[in-house]
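A closer look at the structure
The chain contents come next:
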Amino acid sequence: MSKLTKAISKEEKNFLRRIFWRSQTLYAAVSPAKQGASGFCYSMMPCINHFYKDQEQKNQALTRSMSYFNTTIPLSTFLMGLVASMEKENSEKSEFDTNSINAVKSSLMGPLAGIGDSIFWGVLRVIAAGIAVSMGQSGNILAPIVFLILFNVPSILIRYYGTFLGYQLGSQYIQKIYSSGLMNILTKAASIVGLIMVGGMTAQMVSFTAKWSMSMKGETIMNLQDMLDQIFVGIIPLGITLLCYYLLKKKNVSINVLLIGIIVLSILLSALGIA
């Protein structure tokens, strides 16, 4: 731990620990549009209050922290530490590109979620459950406690040290990236990765299957879903996503109005037998 934090000041260690403790509430309030954004923003407040004294700059930083956030919980603090280091650079340098903060955060959420889910949910949870189940079958009343310890202790330790690791790595390398002129390339690359992630989520999470078909003499002569797939696979989910984005971003339509509209449209299409 001493090597990890030796370059971090005492004040910075204090707010990083506060970030760690606040991260326990990351998904306490989840919304379909932002997922854990409110928890991320709440966790980042000690850092933002430390680096920004001007209220307008503080408001802008809080707004940045309220962007979409969703990744595996034990690895979330690594991103919080990394974002904290970028907020520090932004508070010290007027030419810092604030777009790079959310671009880097968005580009790393997906890969970290993939790694974290595989390790913690796919491996650690199974091993912990296997040991606990074996103990439970033999009548050991400590089985559930053993499961909680085996699963949670590594998760908590990685979350704690990950906060400092993300902050220190960010502090070490962001300045070098800026001085070498690579920040614009990094921001563009991170934005592309983020868009790829959004595209993948759209294809996976937004579904539409048309049921309507035209029949003649007992034979189907036209199937709406097949016709749509011939034009462009997933064209309706993509169109719905782009329409929602347009209404949300350009027309300032409330997310609640969009959700209600999607629900009503789904019920109507189902009642008419179209989808």
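Below: a short report on this structure. Source: prediction; values computed, not measured.

**A short note on the overall build of the chain**
On a plain count of helices and strands, the chain comes out with 11 helices and 2 strands. Mapped from its N terminus to its C terminus, the chain presents α and β elements in the order α-α-α-α-α-α-α-α-β-β-α-α-α. The 275 residues of the chain split such that 32% are buried. Nonlocal contacts in the chain, meaning residues at least 24 apart in sequence, comprise 71% of its contacts between residues at least 6 apart. If you sum the accessible surface of the chain, you get close to 16200 Å²; carbon and sulfur atoms cover 65% of it.

**Description of helix α11 (residues 255-271)**
When the terminal C-alpha atoms of α11 are compared, their 24 Å separation across 17 residues agrees well with the 24 Å that a helix rising 1.5 Å per residue should span. Capping the start of α11, Ser254 holds a side-chain oxygen 3.2 Å from the backbone nitrogen of Asn256, two or three residues further along. Positive backbone phi, approximately 75°, marks Gly273, located one or two places after α11.

**Side note on the packing of helix α5 (residues 73-92) against helix α6 (residues 99-137)**
Two elements in contact, α5 and α6, have axes separated by 9 Å at closest approach and are oriented at 160°. When the axes of α5 and α6 are compared, the pair comes out roughly antiparallel. Judged by the twist between their axes, the crossing of α5 over α6 is right-handed. From α5, Pro74, Leu75, Phe78, Leu79, Leu82, Val83, Met86 and Glu87 reach across to α6, where they touch Ser100, Ile101, Val104, Lys105, Leu108, Met109, Leu112, Ile115, Gly116 and Phe120. Its residues placed into classes, the contact of α5 with α6 shows 14 nonpolar, 2 polar and 2 charged.

**Considerations on the nonpolar core**
In terms of nonpolar packing, the biggest core is built from 34 residues, with Phe15, Leu16, Ile19, Phe40, Met44, Cys47 and Tyr167 touching the most fellow members. Elements with a contribution of two residues or more to this core: α2 (10-22), α3 (37-51), α5, α6 and α7 (143-180). With 8 residues, α5 is the largest single contributor of residues to this core. Excluding anything up to four places from it in sequence, Leu16 contacts Ile8, Thr163, Phe164 and Tyr167.

**What to know about the packing of aromatic side chains**
Overall, the coordinates contain 9 aromatic pairs when judged by the stated rule. On the basis of an interplanar angle of 90° and a centroid distance of 5.0 Å, the ring pair of Phe20 and Tyr160 is categorised as edge-to-face. Separated by 140 residues along the polypeptide, Phe20 in helix α2 and Tyr160 in helix α7 bring together distant segments of the chain. Here Phe20 matches Tyr160 in class, with each residue buried. With a centroid separation of 4.5 Å and an interplanar angle of 35°, the aromatic rings of Phe40 and Phe69 are classed as tilted. Linking Phe40 in helix α3 with Phe69 in the loop between α4 (55-65) and α5, this pair joins segments that are 29 residues apart in sequence. These aromatic residues form a ring-pair network of at least three members: Phe20, Trp21, Tyr160, Tyr161 and Phe164. Directly above the ring of Tyr42 sits Arg22, whose terminal nitrogen or CZ lies 4.2 Å from the centroid. When the ring centre of Phe40 is taken as reference, the NZ or CZ atom of Lys105 above it lies at 4.3 Å.

**Notes on the side chain of Ser76**
If you trace the backbone, Ser76 turns up in helix α5. Residue contacts for Ser76: discarding those within four places in its chain leaves Leu26, Phe69 and Thr71.

**Considering the pattern of salt bridges**
Side chains that differ in sign of charge can pair as their charged atoms come close. Tallied over the entire structure, the rule returns 3 salt bridges. Glu12 is the salt-bridge partner of Lys88, the closest N and O atoms lying 2.9 Å from each other. Highlighted residues: Lys88 in helix α5 and Glu12 in helix α2, separated in sequence by 76 residues. We note a salt bridge from Glu89 to Lys93, for which the minimum N-O separation is 3.1 Å. Owing to a relative accessible area of 6%, Glu89 belongs among the buried residues under this scheme.

**A short note on unusual backbone geometry**
Although it is not a glycine, Gln35 adopts a positive phi angle of roughly 55°. In this structure, Gln35 sits in the loop between α2 and α3. Here the phi dihedral of Asn252 falls at roughly 55°; this positive angle occurs in a residue that is not glycine. Among the secondary structure elements, Asn252 is positioned in the loop between α10 (235-249) and α11. Residue classification places Asn252 among the exposed residues on the basis of a relative accessible area of 65%.

Reading the values: the criteria
- Residues numbered from 1 in each chain as written.
- Predicted model: local features only at pLDDT ≥ 70, side-chain atom pairs only at ≥ 80, totals over all residues.
- Heavy atoms only, no water.
- Helix = DSSP H or I, 4+ residues; strand = E, 2+ residues; numbered from the N terminus.
- Buried < 20%, exposed > 50% of the residue type's maximum accessible area, 1.4 Å probe, protein only.
- Contact = heavy atoms within 4.5 Å.
- Areas by Shrake-Rupley, 256 points an atom, 1.4 Å probe, with all protein chains shown as cover.
- Expected span 1.5 Å × (residues − 1).
- Polar contact = N/O pair within 3.5 Å; in protein donor to acceptor, adjacent residues only side chain to side chain.
- Axes fitted to C-alpha atoms, helices over the stretch in contact; angles between N-to-C directions.
- Parallel < 35°, antiparallel > 145°, perpendicular 65-115°, else oblique.
- Left-handed = near helix turned anticlockwise from the far one by under 90°.
- Nonpolar A, V, L, I, M, F, W, Y, C, P; charged D, E, K, R; others polar.
- Core = buried A, V, L, I, M, F, W, Y, C linked by side-chain atoms within 4.5 Å.
- Phe/Tyr/Trp six-rings, centres within 6.5 Å; stacked < 30°, edge-to-face > 60°.
- Lys NZ or Arg CZ within 6 Å of the ring centre and 35° of its normal.
- Salt bridge = Lys/Arg side-chain N within 4 Å of Asp/Glu carboxyl O.

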